[in-house]
Structures are given as C-alpha cells and as structure tokens.
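A look at the structure
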Amino acid sequence: AKSSHINCVGHLYVKSDVYGFGIVLLEVLTGKRISGIMFLCEQTSLSDWLKSNLLNRGKIRSTMDAKLEGKYPSNLALQLAQLALKCIQAEPKVRPSMKEVVETLEHIEAANEKPADNTHNRKRVNLSRVVQQHGRPEGG
C-alpha cells in the first residue's frame, strides 16, 4: 500500500509539472505573465480564455506576442496553443505526459523547419531558441 501511495503522489507531481509547462507555454505565446493573462480572463476560466483567443484563428495574431510575428506561422502557433490547453486541464489524469509533450514539440519544430512552398525566405526559428531568447514575459 505504501508504494502505491508513493506512485500516486509521484504521478501527481509529474502532472503538476505538465500544468506548469502549459502555463510557461502560454506566457511564451502571449508575451504576458500568467497574472496578466488571468486579469484578461475576467469571468472566464483560463482554458476558456485560451480557446477564445489563442485557439481562435481570427484572434490568434492579436493575442500572440508581437516578437513572434513572422517567426512562427499561425498554424504552428495554434498547435502550440492546443498543447498548452491539454497541459492546463483541471483534471490531472487527462493532461498529457511530459513524453507526449516533448514528442508534440518535436513534431511542431520539425514542421517549422520544413521549407514551405514559395516561402523559402521566410524566417524560421528553433522553438527552444524562442523559449531561451524570449526572456521574461512583460507585464507583472
């Protein structure tokens, strides 16, 4: 019984880390601290705000950090937003594992590195560089 309790607690910590990563991903995508994002949420939940803004094709460009403009295609930003949404689910059991998160990020990064038709001169950026160079999000 003792070891199953440890596994349960360990699983909980891992899923908490996944949630935390989802928050960091939101901060990177928006260029805002989570406190600023929560302020924008007003009466809605964080996941509802994410769905209405970062997962809304009409609003994603205005919601994304301007520093990412032209460096990250909106279709890949949508995939990152979908990943963030999975990570911040209220129920830990439905959040992805960090292995799934890494696999998704690698898939998105590989897609960003492929030269697109007629856009060979388009700027592309390594996802890990975005996270490293972005620095501390503004507002907070």
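Positions within a chain are numbered from 1, following the residues in the order the chain's sequence is written. The predicted nature of this model means local features are confined to residues of pLDDT at least 70 and side-chain atom pairs, given and counted, to a pLDDT of 80 or more, with totals for whole chains, interfaces and linings taken over all residues. Each side-chain value is derived from all of the structure's non-hydrogen atoms; neither hydrogens nor water enter the calculation.

**Quick look at the side chain of Thr63**
- What counts as a helix is a DSSP run of H or I of at least four residues, what counts as a strand is a run of E of at least two, and both are numbered from the N terminus. Inspection of the secondary structure assignment puts Thr63 in helix α4 (residues 60-63).
- Exposed residues in this analysis have more than 50% of their type's maximum accessible area, buried residues have under 20%, and partly exposed residues fall in between, with area computed by a 1.4 Å probe over protein chains only. Exposure remark for Thr63: the relative accessible area of 10% places this residue in the buried category.
- Here a polar contact is taken to be a pair of N or O atoms separated by no more than 3.5 Å, where protein atoms must pair a possible hydrogen donor with a possible acceptor and residues adjacent in sequence count only if both atoms sit in side chains. A polar contact is formed between the side chain of Thr63 and the backbone oxygen of Lys59, at a distance of 2.9 Å.
- Two residues form a contact once any of their heavy atoms are found within 4.5 Å. Apart from the residues lying within four places of it in its own chain, the contact partners of Thr63 are Leu29, Thr30, Trp49, Asn53 and Leu54.

**Focus on the environment of Leu85**
- Here Leu85 shows up in helix α5 (residues 74-87).
- Taking the relative accessible area as the measure of exposure, Leu85 reaches 13% and is therefore buried.
- Taking the C-alpha atoms as reference, Leu85 lies 7.1 Å from Gly22; in sequence the two are 63 residues apart.
- The contacts of Leu85, once residues within four sequence positions are left out, are Ser47, Leu50, Lys51 and Leu55.

**A closer look at the packing of helix α3 (residues 46-53) against α5**
- Angles here are taken between N-to-C directions and fall from 0 to 180 degrees, while the axes themselves are lines fitted to C-alpha atoms, restricted in helices to the stretch in contact. Running from N to C, α3 and α5 point in directions that differ by 165 degrees, and their axes come no closer than 10 Å. Comparing the axis directions of α3 and α5 gives the class roughly antiparallel. In this structure, α3 crosses over α5, and the sense of that crossing is left-handed. The segment α3 lies against α5, with Ser47, Leu50 and Lys51 engaging Ala81, Ala84 and Leu85.
- Ten residues, namely Ala, Val, Leu, Ile, Met, Phe, Trp, Tyr, Cys and Pro, are considered nonpolar, four, namely Asp, Glu, Lys and Arg, are considered charged, and the remaining ones, Gly among them, are considered polar. Across the contact of α3 with α5, the residue classes tally to four nonpolar, one polar and one charged. Throughout, the term roughly parallel applies to angles under 35 degrees, roughly antiparallel to angles over 145, roughly perpendicular to angles from 65 to 115, and oblique to all others. By definition, any crossing whose near helix is turned counterclockwise from its far helix by less than a right angle is left-handed, and any crossing with a clockwise turn is right-handed.

**Remarks on helix α6 (residues 98-113)**
- Taking 1.5 Å per residue, 16 residues should reach 22 Å; α6 reaches 22 Å between its end C-alpha atoms and fits that length.
- Considered for burial, the residues of α6 that qualify are Val101, Leu105, Ile108, Glu109 and Asn112. Looking straight down α6, one finds that the buried residues subtend no more than 100 degrees of arc, so they occupy a single side. Exposed residues pointing more than 90 degrees away from the buried face of α6 are listed as Lys99, Glu106 and His107. Under the convention used throughout, the expected extent of a helix is 1.5 Å for every residue step, that is, one less than its residue count. An arc is given here, and it is the one of the directions from the helix axis to the C-beta atoms.

**Some words on the nonpolar core**
- In this description, a nonpolar core means a group of buried Ala, Val, Leu, Ile, Met, Phe, Trp, Tyr and Cys residues linked to one another through side-chain atoms lying within 4.5 Å. Judged by nonpolar contacts, the single largest core of 28 residues is most densely connected at Leu26, Leu46, Leu50, Leu54 and Leu80.
- Going through the elements one at a time, α1 (2-30), α2 (34-41), α3, α5 and α6 are the ones with two or more residues in this core.
- With nine residues, α5 is the single largest residue contributor to this core.
- Setting aside anything within four residues of it in sequence, one finds Leu54 in contact with Leu26, Leu29, Thr30, Trp49, Ile60, Thr63, Met64, Leu78 and Ala81.

**What about the packing of α5 against α6?**
- α6 packs onto α5 with a crossing angle of 175 degrees between their chain directions and a minimal axis gap of 10 Å. The angle between α5 and α6 falls in the class roughly antiparallel. Contacts from Leu76, Gln79, Leu80, Leu83 and Cys87 in α5 reach Val101, Thr104, Leu105, His107, Ile108, Ala111 and Asn112 in α6.
- Counted by class, the contact of α5 with α6 contains eight nonpolar, four polar and no charged residues.

Spatial relationships are all this shows, so hold off on functional conclusions.
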